[in-house]
Amino acid sequence: MSAKPLGPYTPVVRAGEWIVCSGQLGLSDGALVAGGVGAETTQAVANLAGLLESEGASLSDIVKTTVFLTDMNDFAAMNEAYVAGFGDHRPARSTIGVAALPVAGAAVEIEAWARKA
């Protein structure tokens with residue numbers, strides 16, 4: 001399971017077959033990883049994998065993600081790391097440009113919905 005959440009929310013919630021993962025940043029050991037949006041995306045996907053594992057699921061069970069980017073010019077770099085993290089699995093996805101994220105300097109946040117019987 002991931003580290004303590006940054007706010008008053010639960011990082012992962014199971015509702016029957018559905019598993020909802022709150023938005024994950026590129027945090028490791030409580031700090032933003034170095035290397036920009038690609039490295040942050042890689043870490044955010046790894047954090048999602050850890051949350052899903054705690055519920056007996058995996059990235060291949062994700063049916064929908066929402067990606068939040070602080071700079072849409074980073075879309076290509078995020079997309080490259082996202083594809084590397086998900087392999088051949090292609091859940092539905094939305095990508096939204098935002099003004100800022102909860103951790104100063106964070107470039108990307110990814111939330112996910114998964115389904116696992």
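Structural data are supplied above this passage.
Keep in mind it's a predicted model, so treat the numbers as computed, not measured.

Some thoughts on the overall build of the chain
Next up, step 1: Along the backbone of the chain there are 2 helices and 7 strands.
Next up, step 2: Reading the secondary structure of the chain in the N-to-C direction produces β-β-β-β-α-β-α-β-β.
Next up, step 3: Along the first, second and third principal axes, the C-alpha set of the chain runs to 40 × 30 × 20 Å.
Next up, step 4: Taken over 117 residues, the chain has a buried fraction of 36%.
Next up, step 5: In the chain, the proportion of contacts linking residues at least 24 apart, taken out of those at least 6 apart, comes to 72%.
Next up, step 6: As presented, the chain carries roughly 6000 Å² of accessible surface, and 54% of it is formed by carbon and sulfur atoms.
Next up, step 7: Of note, the chain has its 7 positive side-chain charges centred 8 Å away from the centre of its 12 negative side-chain charges.

Examining the sheet that holds strand β1 (residues 12–15)
Hydrogen bonds between backbone atoms are what pair the strands of a sheet, whose relative direction is either parallel or antiparallel.
Next up, step 1: Taken together, 5 strands build an open sheet; the order of strands is β1-β2-β7-β5-β6 and the sheet is mixed. Whereas interior strands pair on both sides, the edge strands pair on one side only; in this sheet they are β1 and β6 (92–97). When the angles between neighbouring strand axes are averaged without regard to direction, this sheet yields 10°.
Next up, step 2: Bridge analysis of β1 against strand β2 (residues 18–24) gives 4 bridges, and the strand direction is antiparallel. Within β2, the position partnered with R14 by the bridge is I19.
Next up, step 3: Each of β5 (62–69), β6 and β7 (108–115) touches helix α2 (residues 75–86); the most contacted strand, β5, lies at about 155° to it.

About the thresholds
Residues numbered from 1 in each chain as written. Predicted model: local features only at pLDDT ≥ 70, side-chain atom pairs only at ≥ 80, totals over all residues. Heavy atoms only, no water. Helix = DSSP H or I, 4+ residues; strand = E, 2+ residues; numbered from the N terminus. Buried < 20%, exposed > 50% of the residue type's maximum accessible area, 1.4 Å probe, protein only. Contact = heavy atoms within 4.5 Å. Areas by Shrake-Rupley, 256 points an atom, 1.4 Å probe, with all protein chains shown as cover. Lys, Arg positive; Asp, Glu negative; His and termini not counted. Charge placed at Lys NZ, Arg CZ, Asp CG, Glu CD. Pairing = 2+ DSSP bridges. Axes fitted to C-alpha atoms, helices over the stretch in contact; angles between N-to-C directions.

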